[in-house]
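# Residue-level structural notes
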Amino acid sequence: MLTTLLLIPIVTAAALFLGFGNRTWAKGSALLQLALTLALWFRYDQAKAGYQFIFETNPLFPGVDLRYSVGVDGLSLVMLLLTALVTVAAVWFLPQLEKRANLFDGSVLLISAGATGAFLAKDLFFFYAFHELALVPTFLLIGLFGSGERQAAAWKITIYLGVGSIVLLAGLVDLLMALPVSSRTFDLQALQQLGAAHMIPAAAQIRPWFLLTIGFGILISLFPFHSWAAPAYASAPTPVAMLHSGVLKKFGLYGMVRLVLPFLPDAFHQPVWGNYTAQDLLLLALLGNILYVGLVTISQRKLDFMIGYSSVMHMGYIFLGLASLNLAGLSGACLLMFAHGLSVAALFAVSGSLRDREGSLNFDKLGGASKSVPFLGICFAMAAFASIGLPGFANFASETMVFFGGFSPGATSFQKTATILALWGVVISAVYMLRAYKAVFLGQPTASSTKWTDLAGSARFALALLPLTLLLGGVFPRYFLSYLKPTLEAALR
Amino acid sequence: MESTLPWLILLSPLASALLILLFAHRSKALSVLLSLSAVFLALGASLLLVKNATDTLTSIPWIDLGPALKLGIGLKVDALTRVMLLVVTGVGTLVHVYSTIYMADDEGKSRFFGALSLFMFSMLGIVLADNLAMMFIFWELVGVSSFLLIGHWFTKESAAKAANKAFLTNRIGDFGFMSGILLVWSTVGTVEFAGIQENLTKLTANPTFLTLAGLCLFCGAVGKSAQMPLHVWLPDAMEGPTPVSALIHAATMVAAGVYMLARIFFILEPSATALGVIAAVGAITALMAALMATQQNDIKRILAYSTLSQLGLMVAGIGVGAWGASMFHLFTHAFFKALLFLGSGAVIHALHHEQDIWKMGGLRKTMPKTFLTFAIGTLALTGMPFLAGFFSKEAILLAAWHKSLPVFAAGLLTSLLTAFYMTRLVVVAFFGHARTDAANHGHDCPAGMTVPLLILAVLSVIAGYAGFAEAIFGKELFHHVHAAAPVALVPILALSAFVLGTLGAWILYHPAIKDPAVFKDAYRIKDPVRIPLFANKFYIDEIYHALIAGTQEMLAGFLGWFDHFILDGVIVRGICAITWGAGYTLRLLQFGNLQGYAFFFGAGVVVLLYILTK
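Right, let's get into the overall build of chain A. In terms of regular secondary structure, chain A is built from 19 helices and 4 strands. Against the globule reference of 23 Å for 493 residues, chain A gives a C-alpha radius of gyration of 21 Å, in line with a compact fold. Across its three principal directions, the C-alpha atoms of chain A cover 70 × 55 × 40 Å. In chain A, which comprises 493 residues, the proportion classed as buried is 64%. For chain A, the share of sequence-separated contacts (at least 6 apart) that also reach a separation of at least 24 residues comes to 80%.

Pasting the structure below:
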């Protein structure tokens, strides 16, 4: 069943590459993927921790415990749902192309397939490989179909994320090397059990911790490794920006939860620089995301750059939840991955639609758009309010858990201070989001905006799916937490 | 039944808002019908609750992570809730009815009523909340509905700006509020009012911490109730349609801060420092806002500064420990201030959106019903004996007399100024002769608008009487209203302030509007008193602009530059260039195709396999 989920986009993409089919196939594939994900979602037994729907082959190489092995637990299921939802929205925002449309559509589906594979994988090798698989079409699409300085942006993201992947690889190797030879395995479930048994001495955890945190950190645009993100998203075609910022970027965070937390929990408390622990350093870095990048976001004058930077900023809150090392914070972080993915995808969908209509996304050239495109206006407003943490949306529920996690019993005073400072970021994010909303949608309509036509037809449903899911998660976070809780408790043990 | 009524009250406006958003936004009539039904339902249910007067509590979990974190949505009904429920649904109903006429020709009428329902839902959520986290949720939601309603005419630049300003200023307050909630939770382990009260000793064990937590929570009230220094958003919020100003920015939402402080008074009470700060902030706001009000020319802005000032008085009341008296003043103020705003709306409506009092005049004759009700509202606000405001204001002054003479003096001076600026408003707008064509053609509005005025006028008279108020407050709560021992001097001083302020304004302004120069040239304001410092609101807006430009904007600009040119430009590119020159491996990347990347990836895998099989 899980392999079928993976094969849907791969087979469709292959067909498209070979010249069969058209855009309807891509849409069909995305809908099928969503339907199958929902089937998994409802058939999954929330009460049980650990992987379900497991499928695995025999070891692929003699002597190494490396298999094609897939399975889902609560966390991967939430990520799969995110992938499927954003994929549906993304294929409805595919641009009109004169030629090479099939190449474009197929590549978009491949990104989705790579993300799906990474979240399905129960094997470390495939976990890593699927993510790399998703990056290749991302680079390609930015370079070939992007806007603005697309070549430069494509190269920058290729090299930057390439370096990140190498550091990550080094970290994974280091992690496995730290284990006794007899217990080395690629199986994530077996690895998690080893982690729970505290197989690695605290002092030996620091090096792999750094390698993994920096490797994943580059992929997630953790401060100060964030400068690739905004230009890349601004240049990327709309569906690529939606899928990468919404889904693929979460791979790094997913990896942090899957590997770093269960495996290297002691590293967080090791002093690494004077009295400062690794946790303190991580807190400093994430405050860089929230406060430094937050202020940088305020200074942006273009809608796409603003959204790109704001996305980087919000990674800080997810890291804050991770760094809390308790259930409240971690649950908040994981729900926020889901929520942020949906809200940023919706924002990029709207900004891409505006770029199609206006050509420029300079705040000076826009205004009063709610008059002519009220539907886009409402969707943008909902996604924007969600992303700045307005109650009712899943982002608020998640951030609340993150903040309470920062003040939970056992929190250090540095952690509490960081949490309060991070709380100030909520004001910063309101400043840039409301300013952007006003600049684009409110005020006197510009001459060109009065001629725009609003989003029509089925694309409305595809876009509305995102904020509506956010509302569901904001009003009933308990429902989503029932999936996450057993998995996260196991990761923290 | 008892425990389903609160849910009915909370959810019927939500249902209305959702139905309007999803289905009814194309039909104005249907939207109005939905919104009206919801508010009448909520009013009916609230009246039933007041009649039954039983305390209930029902709760469902919202976030439940076992012992790690539990947050619920719980509806608590006690005497304090019942008073607020009646104020919110009562004034809410009248404003809904009034709006059906006031907004009749607005193209965004459906959107307006949808947002109004959303506001009712959010406000009732604050009132019913049984815990701090839920209160915070609805606290932010009233913020967003206020944002939507202030910016109702969104193509107007000033309205869009005012909406943003209101939301952002409130966010600053909410930052403090959330910090306070976290501080309390980290000590007590719960956010429920009942739970905090039970475990209060855990908080009082560390007085400094308690003061800090209390003041953080107070920040929320400073934002929402527009106290100094976060008061700047409220006058600008007058950009919204007038019924909104009456309901949200006078009677209910801005009073939420006072309600919240009354709710958490048991946390504040043990800290004399916290109460002292609260009293000072309230007294300063009351006085400064009253001074600003004396020099405004826009009818709604005068009322807005008056609201600030009265809210300051209520907050000061909390600070001197008289939370019961503050709630009483909140109760009476809701009626007469809503009356004044709706009356000003009638004037604005009849005069085709003229808001400058100097371009009015003579409305006493052309709009007699509006004048009569407006005058009753004015007298109730200024403290005319035997009208509602006199009793409630006196209760606060009395408590201040016992507790802190500076606060008492500020309150007394505020009363004098209130009588002054309100009389100035009434004299200039309603007396003399019409100074513009628009004013000459003034007329009373249709029944849908005048009937709410009349009802509010009756309430502004009777709300202060113990018989009426006690029936709503309940015996136990009403006992807190008049907790302070009576002192004969206080009502005498209050009365003198009223007389002095009213007479002063009459003497100054009644001759002024008879001046033929005013009559001829209405476009030049002939105010006999000119105090630029007050007229320009102590230049606080300008100072904030400079501060924001000098700190946040400059820092953001610098960091934007730094990020682009230094971090990304010099550092990242620099490291990249060094590596470039150094290694063959990266040359592959430089060649410009993905083979190099694929090679790298493959090599990594080989290394990994080698290590594992070793």
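Now that the structure has been shown, the text picks up again.
Right, let's get into the interface of chain B and chain A. On the side of chain A, 55 residues touch chain B, which itself brings 49 residues to the contact. For the side of chain B that touches chain A, the element with the most residues is helix α6 (residues 157–188) of chain B, which contributes 13 residues. A breakdown of the residues in the side of chain B that touches chain A according to their chemical character gives 33 nonpolar, 10 polar and 6 charged.

All names here are of chain B. Residues with a pLDDT of 70 or more make up 92% of chain B, whose mean pLDDT is 86. When the criterion is pLDDT under 50, residues 584–592 qualifies, and its contacts beyond four places in sequence or with other chains add up to 11 contacts. Overall fold confidence (pTM) sits at 0.91, and the ipTM for the predicted complex is 0.92.

This part covers helix α18 (residues 458–475) of chain A. Residues and elements named next belong to chain A. Its 18 residues give α18 an end-to-end C-alpha distance of 26 Å, which sits within 8% of 26 Å, the value for a rise of 1.5 Å per residue. Listing the buried residues of α18 in full gives A462, L463, L466, P467, T469, L470, G473 and G474. The secondary structure elements touched by the buried residues of α18 are α3 (74–91), α14 (327–358), α15 (374–387), α16 (394–406) and α19 (477–492).

All names here are of chain B. The element strand β2 (residues 70–77) is largely enclosed, with a buried count of 6 among its 8 residues. Both strand β1 (residues 56–64) and β2 contribute to a ladder of 8 bridges, which runs antiparallel. Of the residues in β2, the one forming a bridge with S59 is G74. Hairpin connection of β1 to β2: 5 residues between the antiparallel strands, including G66 at a positive phi of 65 degrees.

The subject of this paragraph is helix α5 (residues 132–150) of chain B. Over its 19 residues, α5(B) extends 26 Å from the first C-alpha to the last, a length consistent with the 27 Å expected when each residue adds 1.5 Å. Most of α5(B) sits out of view: 19 of its 19 residues are buried.

Turning to the environment of Q96(A), a few remarks are in order. Residue and element names in this part refer to chain A. Looking at the element boundaries, Q96 is found in the loop between α3 and α4 (101–120). Of the residues examined, Q96 has 7 C-beta atoms within 10 Å and is grouped as exposed. Distance from Q96 to L468, taken between C-alpha atoms, is 26 Å for residues 372 residues apart in sequence.

Another point: the packing of helix α16 (residues 323–350) of chain B against helix α19 (residues 388–403) of chain B. All names here are of chain B. Two numbers describe how α16 lies on α19: the axes approach to 9 Å, and their chain directions differ by 155 degrees. The orientation of α16 relative to α19 falls into the category roughly antiparallel. When you trace α16 past α19, the crossing you get is left-handed. Of the residues in α19, those in contact with A325, S326, F328, H329, T332, F335 and F336 of α16 are A388, G389, S392, K393, A395, I396 and A399.

This part takes up the nonpolar core. Residues V78(A), A89(A), L335(A), L261(B) and A338(B) are the most contacted members of the largest nonpolar core, which totals 426 residues. The biggest single contributor to this core is α14(A), with 19 residues.

Here we take up the packing of α3(A) against helix α10 (residues 238–248) of chain A. Residue and element names in this part refer to chain A. Here α3 crosses α10 at 165 degrees, and the two axes come no closer than 9 Å. Considering the angle they form, α3 stands roughly antiparallel to α10. Crossing angle aside, the handedness with which α3 passes α10 is right-handed. For the pair α3 and α10, contact is made by L82, T83, V86, T87, A89, A90 and V91 and by P239, M242, L243, G246 and V247, respectively. Tallied by class, residues from the contact of α3 with α10 come to 9 nonpolar, 3 polar and no charged.

Residues and elements named next belong to chain B. If you trace the backbone, L381 turns up in helix α18 (residues 368–382). Taking the number of C-beta atoms within 10 Å as the measure of exposure, L381 has 29 and is therefore buried. For the pair L381 and P207, spaced 174 residues apart in sequence, the C-alpha separation works out to 38 Å.

Cut-offs and rules
Residues numbered from 1 in each chain as written. Chains lettered and ligands numbered in written order. Predicted model: local features only at pLDDT ≥ 70, side-chain atom pairs only at ≥ 80, totals over all residues. Helix = DSSP H or I, 4+ residues; strand = E, 2+ residues; numbered from the N terminus. Rg over C-alpha atoms; globule rule 2.2 N^0.38 Å. Buried ≥ 20, exposed ≤ 12 C-beta atoms within 10 Å, placed from the backbone. Contact = placed C-beta atoms within 7 Å. Nonpolar A, V, L, I, M, F, W, Y, C, P; charged D, E, K, R; others polar. pLDDT = per-residue confidence, 0-100. Expected span 1.5 Å × (residues − 1). Pairing = 2+ DSSP bridges. Axes fitted to C-alpha atoms, helices over the stretch in contact; angles between N-to-C directions. Parallel < 35°, antiparallel > 145°, perpendicular 65-115°, else oblique. Left-handed = near helix turned anticlockwise from the far one by under 90°. Core = buried A, V, L, I, M, F, W, Y, C linked by C-beta atoms within 7 Å.

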